[in-house]
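The primary structure of each chain is shown beneath.
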Amino acid sequence: MIKYIVKRLLLIIPIMLAVSFIVFTVLRLGPVDPAQAYLLNSRIPPTEEALKVTRAELGLDKPFFTQYALWLKGAVKLDFGLSYMTKRDAFGDLMYYFPTTLKITFLAMIIVIIVSIPLGILGAVKKDSTADKLVKLFSFIGVSTPSFWFGFLLIYVFSLKLNILPPFGLDSISSWIMPVLTLGLMSSAINTRITRTSFLEHINNRSVWYFKVNGMKRHSIMGKYVLKNSMLPVITSLGMHFGELIGGAVVVEVLFALPGVGRYVVSSITNHDYPVIQCFMILMTGVFIIVNLIIDIIYVYLNPKIKYGA
Amino acid sequence: MKDKELIILFSLLAIIILSALFAPIIAPYNPYDADLTNKFAPAGIQHILGTDHLGRDVFSRIIYGTRMSLISVLATILIVLILSLIVGSIAGFRGGLFDSILMRICDVFLTFPTFILALFFIGVLGVGLINVIIAIALTHWAWYARIVRSIVLETKQKNYVTAAKCLGSSRFKIVLKHIMPKVLSQVIILATLDLGHMMLHVAGLSFLGLGVQAPTAEWGVMINDAAPYIREHPELMLYPGICIFITVAVFNSIGEKLKDKYEKTQDFNSNESEICVKN
Amino acid sequence: MCEKLISINNLSAGTENHQILHNISFDIKSGEIICLLGQSGSGKTMTALSILNMLPLNVIQTSGTILYNHTPFDESMRGSFISMIMQAPASCFDSVFTIGAQFKDILTSNNKEYSENKVCSILEKVELNNPKDILNSYPFQLSGGMLQRVMIAIALSLDSKVIIADEPTSDLDTAGQKEIIELILNLKKENKAVLMITHNLAVAKSCADKIAVMSNGRLVDFFDTHELSDKNRHEYTKKLIYANSMLCSSKWNIDLGEYNAEM
């Protein structure tokens, strides 16, 4: 087990190297020249002369791999260069907003777990009952609803009509409710369905049948055997959904005017603020990889088939 | 009961496709004709769903919006299918070094969170609908390529393919007659299931102002336009949202139905008589 | 000694438009092994499911009674009164829990005390060496034959009076089959009643006291095993015997050494 964790931890290094290389290269392959982007952001007309000076300043005149090596050297020390827009340290800027984004994402993740697993199990255990139909309806609606539109509906109902929740900002604990619900809706719906399907699949296992004929009670079969088995695919899916959530957080932050990376990143995207975009990609992907690593470890821990290499 | 559901689904799908195709005929007004003297007109005989903050006819904009949504999502899925079929089948058939290089590339694409990667590609390519289509296609193809590869690998070892080989069918013929239909049928089902999800991504990017730009009649843009007036005119936001919801729901349900049907035929093929009974 | 544990009277069952079982009647007595013989689809499994009251949802018992020690069925009889040994044991155990955990849960659900020493001695009784290792391992780490023995051990620990064994030998090679049959024969010594479902006449002949032959949902023949070659056997039984003798008629002309005596 420890060997597996160490192996996975070491694997992060080449993965992050590949990620950084792709991020760096693809940006260079893009139609917009970084020097030009820099000048546009500084409101300097991109004359030939200015471009030349900027290229030298940003080190863009060096060979490609030297540039990458230099950038990587900085990135390892968390120095991603200065933002073209603000002329401040890109990493510092992002880190100012990043904790809020992480908090929203993790809170939404918790909501997803709290909502989807019990609902999915309820639907499976009471298959074809009214409760199951409601569960199915919920996941059907959740999967098809655009999250930002759902957010607006929440604002309209709870802030404008009922006046019980603040429509934007993060001034109190109640400010978190609508953003987190908005962000969690879609993943909750998808995971409810996955939990339900997985639970139903395992209810039909021969082992369940065997336990039942030999006198084991339904609730202990469901609550222990079917539960643990059916959670395995759910755990993997939660890992994938962390990616959806952290991406969706950008939308939700813009929608509810939250001080997360969202607004900042959207403006750096429209303004081709490359250092910020690069840093953003590395940060988000890094978090995604780490969360998935943790999830993989939990999965292996729970699944002896992998643990004992069968 | 089942048939009723299918009839409703397909009539909804027909309505969506028809309004996209015949938008200029169906829409009573030009969706871009602003009339500032007639803004926020209530729904009525003149304007079925009223007018927006620039006095444009909402119903006409919704109809034209269907076009945008369908075109963008179909273009995306087309790119995804072409890219993944090429990469996935090459990897599956050739195997060896080719396979491992292509699959490593897929792995890298799958390392990124989808929406974040889409944001990144837009950051590289710039804002706009075409770039959104490319970005979403680039973020989804790797997953499909892996699936295509695994279906190819699986089918390659099936008895009937071996039999065809033994009977002297040419390689090309085997691929065309036995393997491709199987790959296509499965991938198209997955794509149908994914269409709705992609549409939501497109709408989300439009909402952020990174996709379709402001005057265009597109549902995400319409929601964004209506946002400042949400207190007085919430219905302006309601209509396009419901349209996105219904379209996505229709695609999801059809995909679900196709999948059920496909799985049933699969079950039938591999049916084993067993004591274990569903309880 | 030979108490009537289960008596089946005129049992019929079927789906809405297709009858599966027609008027099945027989008794299961303690210290007796009955083999339910028939092709797949002959209704032998359905008969066993009726006894366990585990018929699939779309199958209904249309007539007849099954009495368990002269009383009707009760959920609590599963495990404590009737237990079951299934075929394809690899899929009958849960792969994310150890054998020991599953063993324990089955026993405690039936209000039986679980003590490792006791369970180990039972595992040794079914010829599983290293019982402690077996309890700590996961199903996928054991062979089919070993898991089949674990199942027998569970049935033994449950100490139920009736054991239903569904094709317990079907997934094993010949040597493994013989060993399992011996273990089942041992159950008789514990005064258990065993209902064994099989499609293999040779297996039935080697362990059954009585053989019940089923065909098309009917019990066509029921006899003591030593009456197998009797003249008035049912046509279908004769067919089975003939087919079996065709397959096994050639004597192996090999010196089996110490095994010769057994053959």
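Further up the page is the structure itself.
These figures come from a predicted structure and were not determined experimentally.

A few points about the overall build of chain A
The secondary structure content of chain A amounts to 13 helices and 0 strands. Listing the helices and strands of chain A from first to last along the sequence gives α-α-α-α-α-α-α-α-α-α-α-α-α. With respect to the three principal axes, the spread of C-alpha positions in chain A is 85 × 55 × 30 Å. The buried share of chain A, taken over its 310 residues, is 54%. In the structure as shown, chain A presents an accessible area of about 14,000 Å², 70% of it carried by carbon and sulfur atoms. In chain A, 29 side chains carry a positive charge and 16 a negative one; their mean positions are 17 Å apart.

So, the overall build of chain B
Helix and strand counts for chain B come out as 10 helices and 0 strands. Each helix and strand of chain B, ordered N terminal to C terminal, gives the series α-α-α-α-α-α-α-α-α-α. Here chain B, with 279 residues, has 52% of them falling under the buried criterion. Counting contacts in chain B only where the partners sit at least 6 residues apart, residues at least 24 apart contribute 71% of the total. Counting every atom, chain B has about 13,400 Å² of accessible surface; 67% of that belongs to carbon and sulfur. Distance between charge centroids for chain B: 12 Å, based on 23 positive and 20 negative side chains.

Some thoughts on the packing of aromatic side chains
Enumeration over the complete set of coordinates arrives at 30 aromatic pairs over all chains. With 6.2 Å between their ring centres and 35° between their planes, A:Tyr68 and A:Trp71 make a pair best called tilted. Placement of the pair is A:Tyr68 and A:Trp71 together in helix H4 (residues 64-76), with a separation of 3 residues, close to one helical turn. Ring geometry for B:Phe120 versus B:Phe121: centroids 5.8 Å apart, planes at 50°, classification tilted. Like B:Phe121, B:Phe120 is buried. Pairwise contacts between aromatic rings join A:Phe21, A:Phe24, A:Phe64, A:Phe65, A:Tyr68, A:Trp71, A:Phe80 and A:Phe91 into one cluster. Residue placement shows A:Arg28 over the ring face of A:Phe24; its charged tip is 4.3 Å from the ring centre. Of note, B:Arg94 hangs over the ring of B:Phe98, and the distance from its end group to the ring centre comes to 4.6 Å.

Regarding the interface of chain A and chain C
Contact residues are listed per partner, giving 22 residues for chain A and 30 residues for chain C. Roughly 2,500 Å² of surface becomes buried between chain A and chain C when both sides are summed, with 63% attributable to carbon and sulfur atoms. The largest per-residue losses of area from chain A upon contact with chain C belong to A:Arg206, A:Tyr210 and A:Asn214, which jointly make up 29% of the total buried on that side. Counting across the interface, chain A meets chain C through 1 salt bridge. Where C:Asp105 meets A:Lys224, a salt bridge forms, and the shortest distance between an N and an O atom there is 2.6 Å. Looking at the side of chain A that touches chain C, the elements with two or more residues in it are helix H9 (206-213), helix H10 (218-255) and helix H13 (304-307) of chain A. Per-element accounting of the side of chain A that touches chain C gives the leading share, 7 residues, to H9(A). Taken together, the residues of the side of chain A that touches chain C break down into 11 nonpolar, 5 polar and 6 charged.

Some details on the nonpolar core
Counting 257 residues, the largest nonpolar core has A:Phe280, B:Phe120, B:Leu208 and C:Ile6 as its most contacted members. Here this core takes 18 residues from H10(A), the largest share from any one element.

Brief notes about the interface of chain B and chain A
Put simply, an interface is often sized by how much accessible area is lost when its parts join up. Taken together, the contact pairs 49 residues of chain B with 50 residues of chain A. Counting every contact that joins chain B to chain A gives 1 salt bridge. B:Glu256 is paired through a salt bridge with A:Arg193; the nearest N and O atoms lie 3.1 Å apart. Linking chain B with chain A are 5 residue pairs in polar contact (both at pLDDT 80 or more). Those elements that place two or more of their residues in the side of chain B that touches chain A are helix H4 (96-111), helix H5 (114-125), helix H8 (171-207), helix H9 (219-226) and helix H10 (235-269) of chain B.

Here we look at the pattern of salt bridges
Applying the stated criterion to the full structure yields 23 salt bridges over all chains. The network of salt bridges with common partners includes B:Arg104, B:Asp107 and B:Arg146.

Side note on the pairing of strand S5 (residues 82-85) of chain C
It is a general feature of regular strands that their side chains alternate between the two faces of the sheet. All names here are of chain C. Because side chains alternate across S5, one face comprises the buried residues Ile82 and Met84, and the other comprises Ser83 and Ile85, equally buried. Where S5 meets strand S6 (residues 162-166), 4 bridges bridge the pair, whose relative direction is parallel. The partner of serine 83 across the bridge, within S6, is isoleucine 163.

Description of unusual backbone geometry
For A:His272, which is not glycine, the phi torsion reads 55° and is therefore positive. Since its relative accessible area comes to 14%, A:His272 is described here as buried. At C:Asp159, a position not held by glycine, the phi torsion is positive, near 55°. Tracing the sequence through the fold places C:Asp159 in the loop between helix H6 (144-158) and S6. Judged by relative accessible area, C:Asp159 falls into the partly exposed class, the value being 48%.

Some words on the environment of B:Ile188
Looking at where B:Ile188 falls in the secondary structure, it is placed in helix H8. It is 8.8 Å that separates the C-alpha atoms of B:Ile188 and B:Gly255, two residues lying 67 residues apart in sequence.

So, the side chain of B:Lys182
All names here are of chain B. For lysine 182, the position within the fold is in helix H8. Despite its burial, lysine 182 pairs with no opposite charge, the nearest such side chain being glutamate 154 at 5.7 Å. Once you skip the residues sitting within four places of it in the chain, lysine 182 turns out to touch Ile151, Thr155, Lys158, Tyr160, Tyr262 and Gln266.

Things to note about the side chain of A:Gln278
Residue and element names in this part refer to chain A. Its location among the elements puts glutamine 278 in helix H12 (residues 274-302). The exposure class of glutamine 278 is buried, given its relative accessible area of 4%. A polar contact of 3.2 Å, which involves the side chain of glutamine 278, links it to the side chain of tryptophan 71.

Rules behind the numbers
Residues numbered from 1 in each chain as written. Chains lettered and ligands numbered in written order. Predicted model: local features only at pLDDT ≥ 70, side-chain atom pairs only at ≥ 80, totals over all residues. Heavy atoms only, no water. Helix = DSSP H or I, 4+ residues; strand = E, 2+ residues; numbered from the N terminus. Buried < 20%, exposed > 50% of the residue type's maximum accessible area, 1.4 Å probe, protein only. Areas by Shrake-Rupley, 256 points an atom, 1.4 Å probe, with all protein chains shown as cover. Lys, Arg positive; Asp, Glu negative; His and termini not counted. Charge placed at Lys NZ, Arg CZ, Asp CG, Glu CD. Contact = heavy atoms within 4.5 Å. Phe/Tyr/Trp six-rings, centres within 6.5 Å; stacked < 30°, edge-to-face > 60°. Lys NZ or Arg CZ within 6 Å of the ring centre and 35° of its normal. Buried area = accessible area lost by both parts, 1.4 Å probe. Salt bridge = Lys/Arg side-chain N within 4 Å of Asp/Glu carboxyl O. Nonpolar A, V, L, I, M, F, W, Y, C, P; charged D, E, K, R; others polar. Core = buried A, V, L, I, M, F, W, Y, C linked by side-chain atoms within 4.5 Å. Polar contact = N/O pair within 3.5 Å; in protein donor to acceptor, adjacent residues only side chain to side chain. Pairing = 2+ DSSP bridges.

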